[in-house]
Amino acid sequence: HLYISMAEKIGNEYSFEDIAKHNTQDDCWIYLKHGRKEVLAFVLDVSTYKEHPGGAHLFLECAGGDATDLFNEAFHSNGANAKMRTFIIGHVLKKQ
């Protein structure tokens, strides 16, 4: 799981439709679902993250979409979690 200790509403608010438009290697956004009060998911721009230990191609498997299961299936150290937090550009809010 991606552990967020920052404010709940990080960055800009996006829709899943917004995220889906960013689905290429050079323009790659993903989201990770989260259970915080108002926040459904955090949006990450991983377009420039080419040095992922498992290979940058992993992001293309879920480019423009949900990377939650893929992220949670792999072990991520505290350092990896800290690195991923640096790619957060926004959030998706739960609809009221």
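Below, the structure is looked at part by part. All of these numbers come straight from a predicted model, not from anything done at the bench.

### Remarks on the sheet that holds strand 5 (residues 88–93)
Across a sheet, paired strands are connected by hydrogen bonds in the backbone, their directions being either parallel or antiparallel. Taken in spatial order, the 5 strands line up as 1-5-4-3-2 in an open sheet, and their pairing is mixed. Both edges of this open sheet fall to strand 1 (12–13) and strand 2 (23–24), since each of them pairs with a single strand only. Where strand 3 (residues 27–33) meets strand 4 (residues 39–45), 5 bridges bridge the pair, whose relative direction is antiparallel. Residue Tyr31 lies in a different strand from strand 4, and its bridge partner there is Val43.

### Description of the pairing of strand 4
Burial runs high along strand 4: 5 of the 7 residues are buried. Inspection of the sheet shows strand 4 paired to strand 5 by 5 bridges, in the antiparallel sense. Bridging across to strand 5, Phe42 finds its partner in His91.

### Section: the side chain of His22
Inspection of the secondary structure puts His22 in the loop between helix 1 (16–20) and strand 2. Separated by 2.7 Å, the side chains of His22 and Asp27 make a polar contact. In contact with His22, other than residues within four places in its own chain, are Asp27, Cys28, Trp29, Ala63 and Gly64.

Reading guide: rules and limits
Residues numbered from 1 in each chain as written. Predicted model: local features only at pLDDT ≥ 70, side-chain atom pairs only at ≥ 80, totals over all residues. Heavy atoms only, no water. Pairing = 2+ DSSP bridges. Helix = DSSP H or I, 4+ residues; strand = E, 2+ residues; numbered from the N terminus. Buried < 20%, exposed > 50% of the residue type's maximum accessible area, 1.4 Å probe, protein only. Polar contact = N/O pair within 3.5 Å; in protein donor to acceptor, adjacent residues only side chain to side chain. Contact = heavy atoms within 4.5 Å.

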